[in-house]
Amino acid sequence: MGFHDVKRHFPEKDTKVIAIINQKGGVGKSTTAVNLAAALGEDKKKVLLVDFDPQGNTTSGYGINKEGLEHDVYDAVMNDYPIEDLVQSTCIPHVFLVPSTIQLAGAEIELVSVMARESILKALLEDIKDEFDYVFIDCPPSLGLLTINALVAADSLLIPIQCEYYALEGVTKILESMKMVKSRLNRKLDLFGVVMTMYDSRTSLSRDVVDEVSKYFGNKMFKTVIPRNVKIAEAPSHGLPIIKYARVSKGSLAYMKLAKEVVRRG
């Protein structure tokens, strides 16, 4: 079933637009985007993933060959290409993807001279977001213009935090950016939640970090923690989300549990 079929069959709804963000790389940001979307799709929630990271890990995480793409999100941002024509179906029913390639890296510089440059992604999503229950924007690991676009387009932020020393390092900058965007460009922007990733129950370090983050964020931290799991690490090389690659693994079960928590938060 293609995107235009979804468009034809489902009425408008109160869509949640969530930017998945952390300026530190390697914290499980794209992994969370891919696998949380898949788990929600399995639960028959209609999800759009917007890969807004030039690395394109969310795109390849669904097995889409970036080199074979004629157009990607860069063309929508810089060349007025219709975003609805970029939406692709995935291996998970109800989950759709707007792909990204390294070409998007150029937009960071090219956007500087564009009028209303912070609001381009928001304008692009206006026409299609109502077809979905959730729109997730996978942000680049930086706080440049692409990420500002995501913050302007989103209702809220989901921050993956790795269970390691200095886990909260940089998170304060994300929250400062959120407050700046909220005060100047997007008054409804808020923190949706924080999810702990790469948790190793055998180490006191992981437990200590979870305690520290819990004290900082309180009930904004999800109860579900994502374990350090070899199957999660292997799945992207097969172009599959974890629930397709290893459904009964600890990683898969954790993302399914996280999806239920996301739905409960409304």
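Throughout what follows, the structure given in this document is the object of discussion. (Residues numbered from 1 in each chain as written. Predicted model: local features only at pLDDT ≥ 70, side-chain atom pairs only at ≥ 80, totals over all residues. Heavy atoms only, no water.)

Further remarks concern helix H8 (residues 171–184). The end-to-end C-alpha separation of H8 is 20 Å, in line with the 20 Å expected for 14 residues at 1.5 Å each. Buried within H8 are the following residues: Val171, Ile174, Leu175, Ser177, Met178 and Val181. All buried residues of H8 project into a common sector of 160° when viewed along the axis, lining one side. What points out from H8, more than 90 degrees from its buried face, is the exposed set Glu176, Lys179 and Arg184. Along its buried surface, H8 packs onto helix H7 (145–153), strand E6 (156–162), strand E7 (190–197) and helix H9 (204–217). (Helix = DSSP H or I, 4+ residues; strand = E, 2+ residues; numbered from the N terminus. Expected span 1.5 Å × (residues − 1). Buried < 20%, exposed > 50% of the residue type's maximum accessible area, 1.4 Å probe, protein only. Arc of directions from axis to C-beta. Contact = heavy atoms within 4.5 Å.)

Here we take up the packing of helix H2 (residues 29–42) against helix H12 (residues 250–265). Each packed pair of helices is defined by two parameters, the angle between the axes and the distance between the axes. Where H2 contacts H12, the axes come no closer than 8 Å and their chain directions differ by 75°. Classified by the interaxial angle, the pair formed by H2 and H12 is roughly perpendicular. When H2 is examined against H12, the residues Thr31, Thr32, Asn35, Leu36, Ala39 and Leu40 are found in contact with a partner set consisting of Tyr255, Met256, Leu258, Ala259, Val262 and Val263. (Axes fitted to C-alpha atoms, helices over the stretch in contact; angles between N-to-C directions. Parallel < 35°, antiparallel > 145°, perpendicular 65-115°, else oblique.)

Our next topic: the packing of aromatic side chains. One pass over the full model with this rule turns up four aromatic pairs. Both rings, one in Tyr134 and one in Phe136, keep their centres 5.9 Å apart while their planes meet at 5°; by these two values the pair is stacked. Side by side, Tyr134 and Phe136 carry an identical accessibility label, which is buried. Lying over the aromatic face of Phe222, Arg265 brings its terminal NZ or CZ to 3.8 Å of the ring centre. (Phe/Tyr/Trp six-rings, centres within 6.5 Å; stacked < 30°, edge-to-face > 60°. Lys NZ or Arg CZ within 6 Å of the ring centre and 35° of its normal.)

This brings us to the nonpolar core. In terms of nonpolar packing, the biggest core is built from 57 residues, with Leu48, Val50, Leu125, Ile137 and Ile161 touching the most fellow members. Counting residues per element, this core draws most heavily on H7, at seven residues. With sequence-adjacent residues up to four places away left out, Ile161 is seen in contact with Asn22, Ala167, Leu168, Val171, Val194, Val195, Met196, Thr197, Val213 and Phe217. Residues Ile18, Leu69, Phe136 and Leu258 belong to the second largest nonpolar core, which totals 34 residues. (Core = buried A, V, L, I, M, F, W, Y, C linked by side-chain atoms within 4.5 Å.)

To continue, consider the side chain of Asp72. When you line up the elements, Asp72 lands in the loop between helix H3 (57–61) and helix H4 (73–79). Only 2.8 Å separates the side chain of Asp72 from the side chain of Thr101, close enough to count as a polar contact. Setting aside residues no more than four positions away along its own chain, Asp72 makes contact with Leu86, Pro99, Ser100, Thr101 and Gln103. (Polar contact = N/O pair within 3.5 Å; in protein donor to acceptor, adjacent residues only side chain to side chain.)

For E7, the buried fraction is high: seven of the eight residues fall into the buried class. What joins E6 to E7 is H8, and the crossover it makes is right-handed. (Right-handed = clockwise from strand over helix to strand, strands pointing away.)

Inspection of the secondary structure puts Phe192 in strand E7. Leaving out residues up to four positions away in the same chain, Phe192 has contacts with Ile18, Ser156, Leu157, Lys220, Phe222, Val262, Arg265 and Gly266.

Taken by themselves, the reported measurements are silent on function.
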